[in-house]
Amino acid sequence: MPISPLPKVLFFDIFGTVVEWRSCVTRALMKAAERALLDPGKQLPADVRARVQAMTPEDWQIIAEEWRASYGRFTRNFGSSSTFVSVDEHHYTSIQQLLHQKGLHDILSDEERWDLALCWHRLEPWSDSVEGLRLLNCRFQTCTLSNGNVSLLEDLLKYGSLPFMDVASAEHFGAYKPALRAYHGAAERFGLDPSECGMVAAHLYDLKAAKKAGFMTIYVERPQEETFTAEQIAEAKQEGFVDQWLEHGSGGLVGVAERLGVLTETRL
């Protein structure tokens, strides 16, 4: 069913929805390890050097996925009464812990670990993201609504040439999605009622919370992004908290523009 009336602002999840992280972060990990092996000033223990040399791209991808999973646990469990901790700070702490668990803590200096943590500022957009946003900007105000901190989001937009019209971050509201405060804060930022806002995401937990907050919801399937089980996905379809469901292969953000009538308008 079409969304009616249309939202005045479209908010977007970023990690996994607009930008792809898995291959980008895996490459960053591999490059950091390669630099460590080639650095003549870095005296790595023989066992650590052998361990790094034996690692495959698949091994590094597992670390990337564990890193991402730690981010999910961090944002879900963050208490609104806690002192705000940015995603950048979490990424730095988390990669320290992961490298230690893998017996790789000797390969990077503190400065190098910080540089690696900032690889999340340099993620590539999905192939449809830039064009989809350009089209949606013809009809809607577009804005990020991400758990990423402000500087992270600003760097991602610049790095990927993503034409968002505004930036909203969990950092602005002192609360991480799926806390309702994040969605309500975003609506208030534009002086809107939540019913006048739409949320676009590749994660059903995000959209379920957005719908509870009063938003219209648009689901964009992305490869390997959904954390719900097949049974939970089937339940989500029955519950109906997604207003528009774009399956993989439906054009991504360009498909969103088509569903919301933007392509028809631009052709007139």
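Residues numbered from 1 in each chain as written. Predicted model: local features only at pLDDT ≥ 70, side-chain atom pairs only at ≥ 80, totals over all residues. Heavy atoms only, no water.

## Comments concerning the packing of helix α3 (residues 57–77) against helix α4 (residues 87–101)
For any two helices packed against each other, one specifies the inter-axial angle together with the distance between the axes.
Okay, so step 1: One can describe the packing of α3 onto α4 by two numbers: an axis separation of 10 Å at closest approach and a directional angle of 130 degrees. The orientation of α3 with respect to α4, classified from their angle, is oblique. Regarding α3 and α4, the two cross each other, and that crossing is right-handed. Of the residues in α4, those in contact with Ile63, Glu66, Trp67, Ser70, Tyr71 and Phe74 of α3 are Val87, His90, His91, Ser94, Ile95 and Leu98.
Okay, so step 2: Of the residues contributing to the contact of α3 with α4, the split by class is seven nonpolar, four polar and one charged. (Axes fitted to C-alpha atoms, helices over the stretch in contact; angles between N-to-C directions. Helix = DSSP H or I, 4+ residues; strand = E, 2+ residues; numbered from the N terminus. Parallel < 35°, antiparallel > 145°, perpendicular 65-115°, else oblique. Left-handed = near helix turned anticlockwise from the far one by under 90°. Contact = heavy atoms within 4.5 Å. Nonpolar A, V, L, I, M, F, W, Y, C, P; charged D, E, K, R; others polar.)

## Overview of the pairing of strand β6 (residues 197–201)
Looking along a regular strand, one sees the side chains alternate between the two faces of the sheet.
Okay, so step 1: The element β6 is largely enclosed, with a buried count of five among its five residues.
Okay, so step 2: Handedness of the β6-helix α10 (residues 204–212)-strand β7 (residues 216–220) crossover: right-handed. (Buried < 20%, exposed > 50% of the residue type's maximum accessible area, 1.4 Å probe, protein only. Right-handed = clockwise from strand over helix to strand, strands pointing away.)

## Thoughts on the environment of Lys102
Okay, so step 1: Tracing the sequence through the fold places Lys102 in the loop between α4 and α5 (110–117).
Okay, so step 2: Exposure remark for Lys102: the relative accessible area of 32% places this residue in the partly exposed category.
Okay, so step 3: Sequence separation between Lys102 and Gly174 is 72 residues; the distance between their C-alpha atoms is 32 Å.
Okay, so step 4: Setting aside anything within four residues of it in sequence, one finds Lys102 in contact with Arg51, Ile63 and Glu66.
Okay, so step 5: A distance of 3.2 Å separates polar atoms of two side chains, one belonging to Lys102 and the other to Glu66. (Polar contact = N/O pair within 3.5 Å; in protein donor to acceptor, adjacent residues only side chain to side chain.)

## Remarks on the environment of Tyr92
Okay, so step 1: Here Tyr92 is to be found in helix α4.
Okay, so step 2: The exposure class assigned to Tyr92 is buried, which follows from its relative accessible area of 12%.
Okay, so step 3: Residues Tyr92 and Leu116, 24 residues apart in the sequence, show an inter-C-alpha distance of 8.0 Å.
Okay, so step 4: Once you skip the residues sitting within four places of it in the chain, Tyr92 turns out to touch Asp110, Arg113, Trp114 and Ala117.

## Focus: the domain arrangement of the protein
Okay, so step 1: Under the domain assignment used here, the protein contains domain 1 (9–18 + 126–260) and domain 2 (21–121).
Okay, so step 2: A straight line from the C-alpha centre of domain 1 to that of domain 2 covers 27 Å.
Okay, so step 3: The interface of domain 1 with domain 2 comprises 22 residues on the first partner and 17 residues on the second.
Okay, so step 4: Across the domain 1 to domain 2 interface the summed buried area is about 1600 Å²; carbon plus sulfur atoms make up 55%.
Okay, so step 5: On the domain 1 side of the interface with domain 2, the three residues burying the most area are Phe15, Tyr176 and Gln224, jointly 38% of the side's total.
Okay, so step 6: Here domain 1 and domain 2 share zero salt bridges between them.
Okay, so step 7: Across the domain 1-domain 2 interface, the total number found is eight residue pairs in polar contact (both at pLDDT 80 or more).
Okay, so step 8: Taken together, the elements giving at least two residues each to the side of domain 1 that touches domain 2 come down to α7 (150–159) and α8 (170–173).
Okay, so step 9: Ranked by residues supplied to the side of domain 1 that touches domain 2, first place goes to α7 with five residues.
Okay, so step 10: Counted by class, the side of domain 1 that touches domain 2 contains nine nonpolar, eight polar and five charged residues. (Domains from an automatic or database assignment. Buried area = accessible area lost by both parts, 1.4 Å probe. Salt bridge = Lys/Arg side-chain N within 4 Å of Asp/Glu carboxyl O.)

## Quick notes on the packing of aromatic side chains
Okay, so step 1: This model, assessed by the stated rule, comprises 15 aromatic pairs.
Okay, so step 2: Seen from their ring centres, Phe15 and Tyr71 are 5.7 Å apart, and the 75 degrees between their planes marks the pair as edge-to-face. Here the residue Phe15 occupies a position in the loop between β1 (9–12) and β2 (19–20), and Tyr71 occupies one in helix α3, the gap between them amounting to 56 residues. Tyr71 carries the same exposure label as Phe15, and that label is buried.
Okay, so step 3: Over the ring of Phe140 we find Arg139; its NZ or CZ atom is 5.0 Å from the centre of that ring.
Okay, so step 4: One Lys or Arg, Lys237, reaches over the ring of Trp245 and ends 5.0 Å from the middle of that ring. (Phe/Tyr/Trp six-rings, centres within 6.5 Å; stacked < 30°, edge-to-face > 60°. Lys NZ or Arg CZ within 6 Å of the ring centre and 35° of its normal.)

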